[in-house]
Amino acid sequence: MGLDLGALLKSGGLSVSDYDSIVSINIFIALLCGCIVIGHLLEGNKWVNESITALVLGLITGGVILLVTNGTNSRILVFSEDLFFIYLLPPIIFNAGFQVKKKQFFRNFMTITLFGAVGTLISFVIISLGAMGLFKKLDVGPLELGDYLAIGAIFSATDSVCTLQVLNQDETPLLYSLVFGEGVVNDATSVVLFNAIENLDIGHFDALVLLNFIGKFLYLFFTSTILGVAAGLLSAYVIKKLCFARHSTDREVAIMMLMAYLSYMLSMLLDLSGILTVFFCGIVMSHYTWHNVTESSRITTKHTFATLSFIAEIFLFLYVGMDALDIEKWRLASSSPKKPIALSAIILGLVMVGRAAFVFPLSFLSNLSKKEARPKISFKQQVIIWWAGLMRGAVSIALAYNKFTASGHTEVRVNAIMITSTVIVVLFSTMVFGLLTKPLLTLLIPPRPGLNMSELSSQSILDPLLGSLMGSDFDVGQIPPQYNLQYILTAPTRSVHRLWRKFDDRFMRPVFGGRGFVPFVPGSPVERSTNESHLGTVIEAEGS
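Definitions and limits used
Position numbers for residues start from 1 in each chain and track the written sequence from start to end. Totals for whole chains, interfaces and linings use all residues, but because this is a predicted model, local features are given only for residues with pLDDT of at least 70 and pairs of side-chain atoms are given and counted only at 80 or more. For side-chain calculations, the full set of non-hydrogen atoms in the structure is used, while hydrogens and water are omitted. Secondary structure elements are defined from DSSP: runs of H or I of at least 4 residues count as helices, runs of E of at least 2 residues count as strands, and each element is numbered from the N terminus. The buried label goes to any residue with under 20% of its type's maximum accessible area, the exposed label to any with over 50%, and the partly exposed label to all in between, with areas taken from a 1.4 Å probe on protein chains only. In what follows, residue pairs with any heavy atoms lying within 4.5 Å of each other are defined as contacts. Throughout, the Shrake-Rupley method with a 1.4 Å probe supplies accessible areas, and for residues the shown protein chains are the sole cover considered. Between N-to-C directions, angles cover 0 to 180 degrees, with each direction set by a line fitted to C-alpha atoms, over the stretch in contact for helices. Each angle receives one of four descriptions, namely roughly parallel if under 35 degrees, roughly antiparallel if over 145, roughly perpendicular if within 65 to 115, and oblique otherwise. Crossings are sorted by hand: turned counterclockwise from the far helix by less than a right angle, the near helix makes the crossing left-handed, and turned clockwise it makes it right-handed. Patch definition: residues with relative accessible area over 30% and no salt bridge; like charges joined within 9 Å; nonpolar side chains (Val, Leu, Ile, Met, Phe, Trp, Tyr) joined within 5 Å. Any Lys or Arg side-chain nitrogen located within 4 Å of an Asp or Glu carboxyl oxygen qualifies as a salt bridge. Put simply, a disulfide is two cysteine sulfurs that come within 2.5 Å. For this classification, the nonpolar set comprises Ala, Val, Leu, Ile, Met, Phe, Trp, Tyr, Cys and Pro, the charged set comprises Asp, Glu, Lys and Arg, and every other residue, Gly included, is treated as polar. Scored between 0 and 100, pLDDT is the confidence that the predictor attaches to each residue.

Quick look at the overall build of the chain
Looking only at helices and strands, one finds 22 helices and zero strands in the chain. The buried share of the chain, reckoned over its 544 residues, is 51%. Contacts in the chain between residues at least 24 apart in sequence constitute 82% of all its contacts with a sequence separation of at least 6. Carbon and sulfur atoms form 67% of the exposed surface of the chain, whose accessible area is close to 24,900 Å².

This is the structure we're talking about:
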C-alpha cells in the first residue's frame, strides 16, 4: 500500500513491509465480510447481486485509497495471474462441477457443447477479425497478429461466475443449465485457445501450422477431460477401499479436497486445461466419491466446497473493482480516458455481434435436432442466453494481465491501453448487463403464478441440489429399453443415457461405489442396522 504506516510501528515489532502486508490483508478481509453482509441485506433486491456489490465496494475502496495516498495508489493487493489460476479459480470451477444438476446438464450436453466450444470459436474469429480492422483506426499502437488473436480469446471468455448469481436454477432450469454449462465449457475453451495461441508460430503461419493448432486444441480438450475423470475415479476407489471413516471422517473430507486440487495442479503441470480437468473431476466425485463417504462427510464437503467457491468469487470481483482505479495504467494509457473508453466500446460491440452470431443460429440447429417431446429453446430464451453471456469477468482480466503485463505491471503504452480497456469492459458488462438481466428475465419469461416448491420438487427436471447429488443416475424418464439402431438414431440423448446407466450399474459402481454404497463405520447406526438385518436373514434361513 502507499499508506504512511511507519509511524505506527512499535520498536522490536514487524518490519515496515510486513506490517503493510498485514494491514492490507486485514482491510481486504474486512471488505470481504462487508460484501457478504451487504449482499445478505440486498438479497431480495431484483437489481443487485453480490458480484455487483463487490465491484461497487471495490470501486469505493479504491477511491478512498487514492485520496489517502494523494493519487499515487488505489490497490491494497497487487494482481497476480498465478494467484487467480492457482488459488481462486480451482474452487469455483470444482464446485460448479460438484454441485451441477447432472441430469439437466447431460440432457442438454450437445447444446452446451455447441454453445461452449463451437460458439466460442465463432466469437473468437469475429472478435479477432473485428479488432484487426477497427483498432488501427484508433491508433492504439503496434499490435501483431498474435496480439489480435489473443484479444479474441480474452474477450470470448464469458463470466459464468456472475451469471450463476443472476439466474436461478429452480426458476429457470433450462436457461440455467445452458448458460452455466456454456460458461464452464466456454472458459475452458478460451483458456485452451489462449494457451495454444501463445505457443503458435505466427511468423511462419500456413496450413500446416493451422492444422497443428487445431490438433493441439483438440488434444488439450480431450486429455484434460480424461485426466479429470481419472482423478475423480481414483478418489472414489481409494475412499471406497480404505474406509477412512473407520478412524476419522476428517480424512475423508481431506482426501476429497486434496485429490480435487491435485487434479487441477497436475493438469497445469502437464500444460493441459485445469478448468476442464477440475470441472469433470467435480462431476465424477459427486457421482461416485460423494456417495462413498459418511453422511456427516457428505454434508461437510457440500458446504465446504460451496463456501470456498463463494469466498473466491467475492474476492475476485472486489479486486477487479479496486484495480479499475489503478492510476499508473490510466496515466500510461493516455492523457485522456477517451481512447480506452472508445476501445472498450468497440470491444463491447464486437462481443455483442460475436455472441449473436452463434447463439441464434446454433439454437436453431439445436431445435431442429429435438423431437416434439423435448423442450425447444424459444426465441425469448435465446435472447436471455445471448444477454446473460455478454458479461465478462475474472478470466478475461487474468488472461489480459497474462498477455499484456509482467507481474501486474507494464511500461508499454499499448499494453496499458489494453489492460484499462479490459477493466472497463468487465466493469460495464458486469454492472450494466448484470443489473438488467433479472428484470429482462422477468419481462420475457414471467414466473408462473401459483408455482410452489412442492410442485418443483415433483418434476425430475427441477430436482433440488442435494437430490441431484444423490440421484445421479441421469434418469430420463420411463422409456422402453430398446437398443436397436433406429431407437439410437431417433432418440440419441435418451438412448445414450440408458446405455450409460446400464454400463454404470454393471461395471462402474461395483468398483468405484456411488449411489447405494453404504460406508462401514464401526459402532454406527449403519453397522447396527446391517448386523440386525444379517441376523434376521440367518434366523429366517434356519426357521425355513
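Having seen the model, we can carry on.
Points about the packing of helix 2 (residues 50–68) against helix 12 (residues 295–323)
At a minimum axis separation of 7 Å, helix 2 and helix 12 run at an interaxial angle of 40 degrees. As judged from the angle between their axes, helix 2 and helix 12 are oblique. In terms of crossing hand, the pair formed by helix 2 and helix 12 is right-handed. Residues Glu50, Ser51, Ala54, Leu55, Leu57, Gly58, Leu59, Thr61 and Gly62 of helix 2 touch helix 12, and the partners they reach there are Phe310, Ile314, Phe317, Leu318, Val320, Gly321 and Met322.

Considerations on a nonpolar patch on the surface
A cluster of nonpolar residues, Leu210, Leu211, Ile214, Leu218, Phe222 and Ile226, forms a patch on the protein surface that exposes about 590 Å² of accessible area. For phenylalanine 222, the position within the fold is in helix 9 (residues 207–242).

Some remarks on the state of the cysteines
This model, assessed by the stated rule, comprises zero disulfides. Cysteine 35 takes part in no disulfide bond, and the closest cysteine sulfur to it belongs to cysteine 33, at a distance of 9.3 Å. Judged by relative accessible area, which is 1%, cysteine 35 ranks as buried.

Here's the deal with the environment of arginine 515
Among the structural elements, arginine 515 can be located in the loop between helix 21 (492–512) and helix 22 (525–543). Residue classification places arginine 515 among the partly exposed positions, given a relative accessible area of 37%. The spatial distance from the C-alpha of arginine 515 to the C-alpha of asparagine 292 is 7.9 Å, given a sequence separation of 223 residues.

Focus: unusual backbone geometry
With phi around 60 degrees, aspartate 271 is a residue other than glycine that occupies positive phi space. The exposure class assigned to aspartate 271 is exposed, which follows from its relative accessible area of 60%.

Section: the packing of helix 5 (residues 109–134) against helix 6 (residues 145–154)
The contact between helix 5 and helix 6 brings their axes to 8 Å, and the two run at 135 degrees. When the interaxial angle is binned, helix 5 and helix 6 end up oblique. The chirality of how helix 5 crosses helix 6 is right-handed. Counting all contacts with helix 5, which are made through Phe124, Ile127, Ser128, Ala131 and Met132, the residues of helix 6 involved are Leu145, Tyr148, Leu149, Ile151, Gly152 and Ala153. Broken down by class, the residue content of the contact of helix 5 with helix 6 amounts to nine nonpolar, two polar and no charged.

Quick look at the confidence of the model for the chain
Considering every residue of the chain, the mean pLDDT works out to 75; 71% of them sit at 70 or more. Every residue in residues 1–14 is under pLDDT 50, and counting partners more than four places away or in other chains gives 21 contacts. Here residues 451–490 is modelled with pLDDT under 50, and outside its nearest four sequence neighbours on either side it reaches 74 contacts, counting other chains as well.

Structural notes on the pattern of salt bridges
Summed over the entire model, instances satisfying the criterion amount to three salt bridges. One salt bridge in this structure joins lysine 403 and aspartate 147, with 3.4 Å as the shortest N-O distance. Here the residue lysine 403 occupies a position in helix 16 (residues 394–404), and aspartate 147 occupies one in helix 6, the gap between them amounting to 256 residues. For lysine 403, a relative accessible area of 23% corresponds to the partly exposed category. For the salt bridge of arginine 298 with glutamate 295, the shortest nitrogen-to-oxygen distance reads 3.6 Å.

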